[in-house]
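Residues per chain, in single letters:
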Amino acid sequence: MIEILTAILSGGVILATPILFSALGEIYDERAGVLNLGIEAIMSLTGFVALWIGFSTGSHLTGTLAAILAGGLVALIHSFACVTIGVNQLISGLLILTLADGIANFAYRSLTVVPTIEPLRPINIPGLTQIPVLGPILFQHNLFVYLAFLLAIVFGFVLYKTTWGLRIRGVGENPGACDAAGIDVNRIRHLCVILSGVMAGFGGASLTLGYIGLYGRGIAAGRGWIGIIVVILSRWSPYRAILGSLIFGLGYSIASNLIGIGVAVPYYFLMMLPYIIALVVVSFMFKRTRGPSALTVPYRRR
Amino acid sequence: MNASEGCMRSSPSSNSEEGNRRAPIRERLERYMSYPVGLLVALFIFSAILLAMGLNPILSIETVLYGSFGTTFSASETFVRVTPLLLSTLAFLIGFKARFLNIGAEGQLHIGALTAYLVASQMEGLPSGLSIPLVIFASFAGGVSWLAIPLLLRIRLEVNEVFPTVVMNFIARFIISWLCTGPIKDPNALNPQTRVIPEGTWLPLMVSGTRLHAGIILAVLLAFLVYLVLYKTVLGYEIRAVGLNPRASKHGGISLSQSMISVGLLSGGLAGLAGMVEVIGAHHLLIEGFSPGFGYQGIGIAALGGFHPLGAIFASMLFSILQIGGETMQRGAGVPIDLVYVLQAILVLSVLIVERWITVKRQK
């Protein structure tokens, strides 16, 4: 029993990682006033890129770098459409969704080999891993997991304690005032949108290089959407996003562990668990949630 | 400012400014220019991609056109594909007009297909004149039922509908996968699919030797009906008013929750019908993965058609040509069909970008 519980909790931390990565990028993005609904497909695409490049070069690092580059490039299309031109952000994001998914599946089906890679090995932290119970749950993971949680703290610090963070928040709340104060509103927005793609790239890489080691159609399997739900659940705070992504990570982990031990519930019902959690969360947490004031409103000087 | 207003403030007017004011001819002409220009931009990008892959762009266009219209059969397949595309486009469009963003057409059409199958499979021996309307009604109700939770959340708790509808898509897909691999699977079939439904429930065939069924007529008629409802009735006026300015509409005496309910009923129902035509029109059974994302594609088609129901007819036709032609290319040249989905996204994005760019330029 303890073993299963440890497996579930430890799996929850691993499965929270891609969600946390994408949520962090989306927090900055939305704080600056741009919504990116394409995250889900950007994660699938970058997951593929990471796997493919990692497989061909034999290096997890090169794969990850390629993934964040690909994520940034796709996000650049979104930021060009929404920030430079002012296309409706929801529609643009949903088009990015089909675009990125299409590119990923097209590239995957054009390959003559099936890329596979051995997922990144867990790294033990001397001293911490030896702690009973907690050690294996928190400190026996691969680099992606540590990076995600570390970045959450860095992102929180930058957002709340630095001039950069202040500017990002300002641009999302009152772009007019920021412009008057001499801040280049659209430049910050561009950077934040690209950052959301880069972070989704980390998310995709952590999924294929850190966990699955394979690609399949729609590999993100809703994690991108759940990342955006985590953003709202955590009320646009990188710190609270840690907790939010852990809730969903646990959902995924419970489902896959129960499938693993062969519970007498149909497989597909267990697979639904994270989405049912999402629906409940959305229903009860969204009421009266106040987002950045200028979210989805393009900025143009009058 | 709460989540449903502040978080997703996306006015339909940001990409199609109409309201009740008819724009001057010159302005409208300029806006229509975005189609040829956007098409050219997309063609340019796409030729570059094809050339990079070592394919001849002109030959590829020929293949796509021949593949979608070259023979009676391919032309009929093109019209078969238009049907679910057009219906899911209308589903998104009517919601969009009222600022109700139903991203869940994919899930609703899965449930619509399921209810259509469940009812049709019980109709053995009944005359078509009775069974088909019953199946259509059931699929409409099925689609609506899948939108009920997001709709209730929106009206009662002011929860933005985008995320509930998306989450419901995933749940619907799992339900269909579960049923098609287990409880209602045809034990003799290899694929995850059900038994064939009774012949009396099949939509009438229009050209023998093809799969072209009467669903296309239903879809086009519904497009005109949606046009009439939106632009010629009080309900449509209210829907558009709510979409353009919810607060002003409320002060003008329009009940927001009532117009949301009407929009939700129409939107979910139309999506349900999109699933129905695939079951009782195209396949005559329910098969897992019958939809390559019709619900999501409807969003792009709606945008391409200028968020107008009649524009949606042409836009869905274009998407269908690309898809059926693309499937021919997949069989012939071995180019994966996913390339077509990439093209579709590039095409719509180009048109939207050019359109927006022209609008902004004029305002300056």
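Novice: What should I look at first to understand the overall build of chain A in this one?
Specialist: Counting secondary structure elements, chain A contains twelve helices and two strands. Each helix (α) and strand (β) of chain A, taken in turn from the N terminus, gives the series α-α-α-α-β-α-β-α-α-α-α-α-α-α. Considered along the principal axes of its C-alpha atoms, chain A spans approximately 65 × 45 × 40 Å. Looking at the 302 residues of chain A, the share that counts as buried comes to 57%.

Novice: For this particular structure, what's the right way to read the interface of chain B and chain A?
Specialist: Residue-level contacts link 45 residues of chain B with 44 residues of chain A. Elements that contribute at least two residues to the side of chain B that touches chain A include exactly helix 1 (3-7), helix 7 (128-157), helix 8 (162-181), helix 13 (294-304) and helix 15 (338-363) of chain B. At 14 residues, the largest contribution of residues to the side of chain B that touches chain A is made by helix 15 of chain B. The class makeup of the residues in the side of chain B that touches chain A is 31 nonpolar, ten polar and four charged.

Novice: I would appreciate a short explanation of the packing of helix 6 (residues 143-161) of chain A against helix 11 (residues 238-261) of chain A in the present structure.
Specialist: Residues and elements named next belong to chain A. For the pair helix 6 and helix 11, interaxial distance at closest approach is 7 Å and the crossing angle is 150 degrees. Taken together, the axes of helix 6 and helix 11 lie roughly antiparallel to each other. Between helix 6 and helix 11, the residues in contact are Phe149, Ala152, Phe155, Gly156 and Leu159 and Pro238, Tyr239, Ala241 and Ile242, respectively. Class assignment for the residues of the contact of helix 6 with helix 11 results in eight nonpolar, one polar and no charged.

Novice: Teacher, can you tell me more about helix 1 (residues 2-31) of chain A here?
Specialist: Since one α-helical turn is 3.6 residues long, residues separated by three or four positions face the same way. All names here are of chain A. With 30 residues, helix 1 should cover 44 Å at 1.5 Å per step; its first-to-last C-alpha distance of 41 Å lies within 8% of that length. Approximately 35 degrees is the largest bend angle found in helix 1, and it occurs at Thr17, with the proline Pro18 only one to four residues beyond. Counting buried residues along helix 1, 23 of its 30 residues qualify, which places the element largely inside the surrounding structure. Phi for Gly33, located one or two positions after helix 1, is positive at around 100 degrees.

Novice: Explain the packing of helix 9 (residues 215-232) of chain B against helix 14 (residues 309-333) of chain B here, please?
Specialist: Packed helices, taken two at a time, are described by the angle between their axes plus the distance between the axes. Residues and elements named next belong to chain B. Viewed as axis vectors pointing N to C, helix 9 and helix 14 meet at an angle of 150 degrees, and their least axial separation amounts to 8 Å. The angle between helix 9 and helix 14 falls in the class roughly antiparallel. Contact residues: Val220, Ala223, Val226, Tyr227 and Leu230 in helix 9; Pro309, Leu310, Ala312 and Ile313 in helix 14. Class assignment of the residues belonging to the contact of helix 9 with helix 14 gives a composition of nine nonpolar, no polar and no charged.

Novice: Sorry if this is basic, but what is going on with helix 3 (residues 34-52) of chain B here?
Specialist: Residue and element names in this part refer to chain B. Here helix 3 is 19 residues long and its end C-alpha atoms lie 27 Å apart, about the 27 Å a rise of 1.5 Å per residue gives. For helix 3, the set of buried residues is Ser34, Gly38 and Ala42. Buried residues of helix 3, seen end-on, are gathered within an arc of 45 degrees and therefore sit on one face of the element. Looking at helix 3, the residues exposed on the side facing more than 90 degrees away from the buried face are Pro36, Leu40, Phe44, Ala48 and Leu51. In this structure, the buried residues of helix 3 make contact with helix 2 (25-32) and helix 15. Phi for Gly54, located one or two positions after helix 3, is positive at around 80 degrees.

Novice: Honestly, the environment of Phe137 of chain B in this entry has me stumped. Any pointers?
Specialist: All names here are of chain B. For Phe137, the position within the fold is in helix 7. According to the C-beta neighbour criterion, Phe137 is partly exposed, with 16 such atoms within 10 Å. For Phe137 and Ile61, which are 76 residues apart along the polypeptide, the C-alpha to C-alpha distance reads 40 Å.

Novice: Looking at this model, I keep getting lost on the confidence of the model for chain B. Mind explaining?
Specialist: Caution applies to low-pLDDT regions: their predicted coordinates should not be interpreted in detail. Residues and elements named next belong to chain B. Confidence in the prediction of chain B, expressed as mean pLDDT, is 87, and 94% of residues score 70 or more. Below a pLDDT of 50 lies the segment residues 1-20, which in the model reaches 57 contacts outside its immediate sequence neighbourhood of four places, other chains included. In the predicted complex, the global pTM is 0.91; the interface-specific ipTM is 0.90.

Novice: Would you take a moment to explain the environment of Pro238 of chain A for this structure?
Specialist: Residues and elements named next belong to chain A. For Pro238, the position within the fold is in helix 11. Looking at Pro238, the number of C-beta atoms within 10 Å reads 25, which means it is buried. Once the C-alpha coordinates of Pro238 and Leu159 are considered, the two residues, 79 residues apart in sequence, prove to be 8.3 Å apart. Setting aside residues no more than four positions away along its own chain, Pro238 makes contact with Leu24, Ile27, Ala152, Phe155, Gly156 and Leu159.

Novice: Looking at this structure, how should I read the environment of Val166 of chain B?
Specialist: Tracing the chain through its elements places Val166 of chain B in helix 8. Along the chain, Val166 of chain B and Val263 of chain B lie 97 residues apart, while their C-alpha atoms are 18 Å from each other. Not counting the four nearest positions on each side in its chain, Val166 of chain B is found in contact with Trp225 of chain A together with Ile103 and Gly104 of chain B.

Novice: Explain unusual backbone geometry to me, please; I cannot follow it from the model alone.
Specialist: Working note: non-glycine residues mostly have negative phi, and peptide bonds are mostly trans. Residues and elements named next belong to chain B. With phi around 60 degrees, Arg99 is a residue other than glycine that occupies positive phi space. Within the secondary structure, Arg99 sits in the loop between helix 5 (72-97) and helix 6 (105-120). Positioned with a positive phi, His284 is a non-glycine residue whose angle comes to about 65 degrees. Topologically, His284 is positioned in the loop between helix 12 (256-283) and helix 13.

Rules behind the numbers
Residues numbered from 1 in each chain as written. Chains lettered and ligands numbered in written order. Predicted model: local features only at pLDDT ≥ 70, side-chain atom pairs only at ≥ 80, totals over all residues. Helix = DSSP H or I, 4+ residues; strand = E, 2+ residues; numbered from the N terminus. Buried ≥ 20, exposed ≤ 12 C-beta atoms within 10 Å, placed from the backbone. Contact = placed C-beta atoms within 7 Å. Nonpolar A, V, L, I, M, F, W, Y, C, P; charged D, E, K, R; others polar. Axes fitted to C-alpha atoms, helices over the stretch in contact; angles between N-to-C directions. Parallel < 35°, antiparallel > 145°, perpendicular 65-115°, else oblique. Expected span 1.5 Å × (residues − 1). Bend = angle between axes of the 7 residues up to and from the residue. Arc of directions from axis to C-beta. pLDDT = per-residue confidence, 0-100.

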